[in-house]
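Fold and contact review
Below, each chain spelled out in residue letters.
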Amino acid sequence: MKHTADPKAPKVASEGAPTFFECPQCGLLTADSRFGADEIVCPTCGAHGDGRRTFPPERLCRLDGRIRHYRDDGEHEIVVILVETFLESILEDIIDRILTARGADVMVREVVLDGQRAIGARIGRLFPHLTGEQFEEAAAELGYREFPHRWRTLRAARNAFIHDSPFRGAQETLDKDDAATAMDLLDQAYELFVSLNNRFVAQATPDVPFCERA
Ligand SMILES: [Zn+2]
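When its secondary structure is counted, the protein chain shows eight helices and three strands. Listed by position from the N terminus, the elements making up the protein chain come as β-β-α-β-α-α-α-α-α-α-α. A buried classification covers 32% of the 214 residues belonging to the protein chain. Within the protein chain, counting contacts between residues at least 6 apart in sequence, those at least 24 apart form 61% of the total.

The subject of this paragraph is the packing of helix α3 (residues 76-101) against helix α8 (residues 176-200). Viewed as axis vectors pointing N to C, α3 and α8 meet at an angle of 10 degrees, and their least axial separation amounts to 9 Å. The pairing of α3 with α8 is recorded here as roughly parallel in orientation. Facing α3, whose interface residues are His76, Val79, Val80, Val83, Phe86, Leu87, Ile90, Ile94, Arg97 and Ile98, α8 presents Lys176, Asp178, Ala179, Ala182, Met183, Leu185, Leu186, Ala189, Phe193, Leu196, Asn197 and Phe200.

All right, on to helix α5 (residues 119-131) then. Along α5, the sharpest change in direction is near 25 degrees and occurs at Arg125; proline Pro128 comes one to four residues later. For α5, the full list of buried residues reads Ile123, Leu126, Phe127, Leu130 and Thr131. Of the residues one or two after α5, Gly132 is the one with positive phi, at around 80 degrees.

Turning to the sheet that holds strand β2 (residues 29-30), a few remarks are in order. Spatially, β2-β1-β3 is the arrangement adopted by the three strands of the open sheet, whose pairing is antiparallel. Only two strands of the sheet have a single neighbouring strand rather than two, namely β2 and β3 (54-55). In the sheet, strand β1 (residues 20-22) pairs with β3 via two bridges, with the strands oriented antiparallel. Bridge pairing in β3 places Phe21 opposite Thr54.

One finds Val83 and Leu185 to be the most contacted residues of the largest nonpolar core, which totals 49 residues. Within the residue set of this core, elements represented by two or more residues are β1, α2 (58-72), α3, α5, α6 (135-141), α7 (147-162) and α8. Broken down by element, the residue count for this core peaks at 13 residues, all from α3. Mapping this core onto the domain boundaries places at least three of its residues in each of domain 1 (19-55) and domain 2 (57-212). Not counting residues up to four positions away in its chain, the partners in contact with Leu185 are Val83, Leu87, Phe147, Arg150, Trp151 and Leu154.

At the junction of Phe55 and Pro56, the peptide bond is cis and its omega measures out at 0 degrees in the coordinates. Note on placement: Pro56 falls in the loop between β3 and α2. If you check the backbone angles, Asp38 has positive phi at about 60 degrees while not being a glycine. Turning to its location among the elements, Asp38 is positioned in the loop between α1 (33-36) and β3. For Asp38, a count of 12 C-beta atoms within 10 Å corresponds to the exposed category.

A pair of packed helices is captured by two measures, namely the crossing angle of their axes and the spacing between those axes. Across the interface, α3 lies against helix α4 (residues 106-115) with an axial gap of 10 Å and an inter-helix angle of 140 degrees. For the element pair α3 / α4, the angle class is oblique. For the crossing formed where α3 meets α4, the hand is right-handed. Across the interface between the two elements, Glu92, Ile95, Asp96, Leu99 and Thr100 of α3 pack against Val108, Arg109, Val112 and Leu113 of α4.

Within the fold, Arg150 resides in helix α7. Residue Arg150 is classed as partly exposed on the basis of its 16 C-beta neighbours within 10 Å. Each C-alpha atom of the pair Arg150 and Thr181 lies 7.7 Å from the other, and the pair is 31 residues apart in sequence. Non-local contacts of Arg150, meaning those with residues more than four positions away in its chain, are made with Thr181 and Leu185.

The rules behind these values
- Residues numbered from 1 in each chain as written.
- Predicted model: local features only at pLDDT ≥ 70, side-chain atom pairs only at ≥ 80, totals over all residues.
- Helix = DSSP H or I, 4+ residues; strand = E, 2+ residues; numbered from the N terminus.
- Buried ≥ 20, exposed ≤ 12 C-beta atoms within 10 Å, placed from the backbone.
- Contact = placed C-beta atoms within 7 Å.
- Axes fitted to C-alpha atoms, helices over the stretch in contact; angles between N-to-C directions.
- Parallel < 35°, antiparallel > 145°, perpendicular 65-115°, else oblique.
- Bend = angle between axes of the 7 residues up to and from the residue.
- Pairing = 2+ DSSP bridges.
- Core = buried A, V, L, I, M, F, W, Y, C linked by C-beta atoms within 7 Å.
- Domains from an automatic or database assignment.
- Left-handed = near helix turned anticlockwise from the far one by under 90°.

Written out as structure tokens, the structure is:
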């Protein structure tokens with residue numbers, strides 16, 4: 001599957017950050033390189049791609065590269081901590097894109113995101129409020145049923161490792177299995193968050209204010 005010539009497949013999904021091309025009109029993200037090369041129009045809105053807007057952003061690509069480097073070195077703890085950082089960052093990007101698609105300006109987006117800094121609240125409250133769906137439901141519908149649960153479990157392990165938990169005590173190490181879970185989540189995150197984008201950003205109808213959907 002990795003070596004397929006299918007232009008619709010994301011490039012080298014498991015060995016680096018894949019590249020998605022963004023429709024300048026509706027915000028659709030697609031791995032189809034023909035759209036990036038302007039050989040086909042956007043399947044959602046018919047606009048031409050400009051090939052310049054890509055996802056994930058440069059800082060996430062760099063982080064991805066660093067994570068894979070630490071994975072190769074067997075640095076399990078650093079892998080888990082950096083993957084958690086990555087996932088929180090990509091979630092913030094998607095929420096920001098959903099807010100933008102709903103017509104929020106920079107100031108509103110900043111106020112909303114600053115007001116919900118905790119990752120649990122972003123997933124548990126902000127996401128359903130903006131989309132009308134629980135994150136778990138949306139992930140399951142897009143084929144990633146296990147993702148939210150595995151992410152939560154890894155987050156708990158990371159937290160127990162970094163902070164002494166008065167309930168469970170400190171977790172001494174993050175091991176090889178934790179790092180493997182983290183790498184799975186990293187690889188799945190691209191497709192999942194792009195699918196969420198295409199569902200809630202590219203399909204957004206700005207004429208229906210999101211407050212009416214709550
Ligand atoms: Zn489009």
